[in-house]
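# Fold and geometry: a report
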Amino acid sequence: MEQNSERYSFIPVVSETGRYLGLFDASRWFDEKAPCHAVAKEYEPLSEDHVIGSDASIFDFVVSADDRPMRLVVSGSEIAGVIS
């Protein structure tokens, strides 16, 4: 959390080889002291619930934003960005 000086709510978890593994919800530690264990114990593994196509409308995101407030934007076979 010390490295999250910009206070990003969600942080992608990436392997040493650059492969996306999941998402870490950092927002719950904004007002509390973060535990001293590795992010590996806290992140949510990547699933299709975490992604949205680059051709999706903003309406598609907004409709489900209460349940899924952050999505990785997929273009082709790559993650092109984040929307929240």
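This text goes with the structure placed above it.
Residues numbered from 1 in each chain as written. Predicted model: local features only at pLDDT ≥ 70, side-chain atom pairs only at ≥ 80, totals over all residues. Heavy atoms only, no water.

Moving on, we get to the overall build of the protein chain. A tally of regular secondary structure across the protein chain gives one helix and six strands. Of the regular secondary structure in the protein chain, the N- to C-terminal order runs β-β-β-β-α-β-β. Projected onto the principal axes, the alpha-carbon positions of the protein chain cover approximately 40 × 30 × 20 Å. With 84 residues in all, the protein chain has 19% of them scored as buried. (Helix = DSSP H or I, 4+ residues; strand = E, 2+ residues; numbered from the N terminus. Buried < 20%, exposed > 50% of the residue type's maximum accessible area, 1.4 Å probe, protein only.)

What follows deals with the sheet that holds strand β2 (residues 20-25). Taken in spatial order, the three strands make up an open sheet running β1-β2-β3, and their pairing is antiparallel. Lying at the two open borders of the sheet, with one neighbouring strand each, are β1 (10-14) and β3 (44-45). With five bridges connecting them, β1 and β2 associate as antiparallel partners. Opposite Val 14, over in β2, you have Tyr 20 as the bridge partner. (Pairing = 2+ DSSP bridges.)

Here Arg 71 is to be found in strand β5 (residues 71-75). By relative accessible area, which is 5% here, Arg 71 ends up buried. For Arg 71 and Ser 27, which are 44 residues apart along the polypeptide, the C-alpha to C-alpha distance reads 15 Å. With near-sequence residues (within four places) excluded, Arg 71 lies in contact with Asp 49, His 50, Val 51, Ile 52, Phe 61, Ser 64, Gly 81, Val 82 and Ile 83. For Arg 71, the side chain forms a polar contact with the main-chain oxygen of Asp 49, separated by 3.5 Å. (Contact = heavy atoms within 4.5 Å. Polar contact = N/O pair within 3.5 Å; in protein donor to acceptor, adjacent residues only side chain to side chain.)

Not every positive phi belongs to a glycine, and Arg 7 is a case in point at roughly 55 degrees. The residue Arg 7 is located in the segment before β1 in this model.

Okay, the pairing of strand β6 (residues 78-83) next. Little of β6 sits out of view: just zero of its six residues are buried. As judged from the five bridges shared by β5 and β6, these two strands associate in the antiparallel manner. What sits directly across from Ser 75, in β6, is Glu 78. Between β5 and β6, which pair antiparallel in sequence order, lie two residues; one of them, Gly 76, sits at a positive phi of approximately 65 degrees.

In spatial order, the strands read β4-β5-β6; together these three strands make up an open sheet with mixed pairing. Bordering the open sheet on either side are β4 (51-53) and β6, each of which pairs with just one other strand. On average, adjacent strands in this sheet sit at an angle of 40 degrees to one another, irrespective of strand direction. Sheet topology note: the β4/β5 ladder contains three bridges and is parallel. Paired with Ile 52 across the two strands is Val 73, which belongs to β5. (Axes fitted to C-alpha atoms, helices over the stretch in contact; angles between N-to-C directions.)

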